[in-house]
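One letter stands for each residue in the lines below.
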Amino acid sequence: MAVNQAVRHGLGVRGEQLVRDMVGGTTTHFNAPFDVIDHKQKQAYEVKTMLAGGKDMKIHISDNSMNRKKEFAEKHGYQATLVVVVYGASVTNIYSSGLRQSVRIAQMSPWV
C-alpha cells in the first residue's frame, strides 16, 4: 500500500511527538542529527515510523546520516537510541535498540 508523502510526514511528526512526550525531551529542528533530545538524561533519540503489515519491516539509516549521529553523540556525550513507532489499524507499537544503521523490527525490543 503506497502512502503519500504528506501522510508519511504526518506520521513521522506524530512519532517524534510521542517519543518526546514519553521521555520528557524536546524535538529538534529539521535536519538535526537526532529527532528528540533529553538533555537531562543525555539521551538522543532517532525516531523512525512505519505502518504495520508492511512486507519489509526494517529501517536503514544512510552512511552520511549515521556518521552525523555518531559524531554528535560522541562530541556531546549522549547515549544514542533508535526508536521505531509502528502504526497499526488499532494499536501503536514502539520498539527500541541502540543506534544501528540497519535493523529489522524483529531484532528490536518493545519499548516500555
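Quantities reported herein were computed from a predicted structural model and do not represent experimental measurements. The residue numbering used here restarts from 1 in each chain and proceeds along that chain's sequence as written. The predicted nature of this model means local features are confined to residues of pLDDT at least 70 and side-chain atom pairs, given and counted, to a pLDDT of 80 or more, with totals for whole chains, interfaces and linings taken over all residues. Side-chain measures were taken over the full set of non-hydrogen atoms in the model, leaving aside hydrogen atoms and water.

**Side note on the environment of S97**
Helix and strand assignments come from DSSP, with helices taken as H or I runs of at least 4 residues and strands as E runs of at least 2, each series counted from the N terminus. Within the element layout of this structure, S97 appears in strand β6 (residues 92-98). For the pair formed by S97 and V7, sequence separation is 90 residues and the distance between their alpha carbons is 25 Å. Residue contacts are defined here by distance: any two heavy atoms, one from each residue, within 4.5 Å place the two residues in contact. The residues touching S97, leaving out its near neighbours within four places in the chain, are T81, L82 and M108.

**Quick look at the sheet that holds strand β5 (residues 79-87)**
When DSSP finds two or more bridges between a pair of strands, those strands are recorded as paired. The 6 strands are arranged β1-β2-β3-β5-β6-β8 in an open sheet whose pairing can be described as mixed. Two strands in the sheet have a free side with no partner beyond their single neighbour: β1 (26-27) and β8 (109-110). Here β1 pairs with strand β2 (residues 36-38) via 2 bridges, running antiparallel. Directly across from T26, in β2, lies its bridge partner I37. Running over the sheet, helix α1 (residues 5-23) touches β1, β2, β3 (43-51), β5 and β6 and is turned about 140 degrees from β3. Note on method: axes are straight lines fitted to C-alpha atoms, helices fitted across the in-contact stretch only, with angles between N-to-C directions ranging 0 to 180 degrees.

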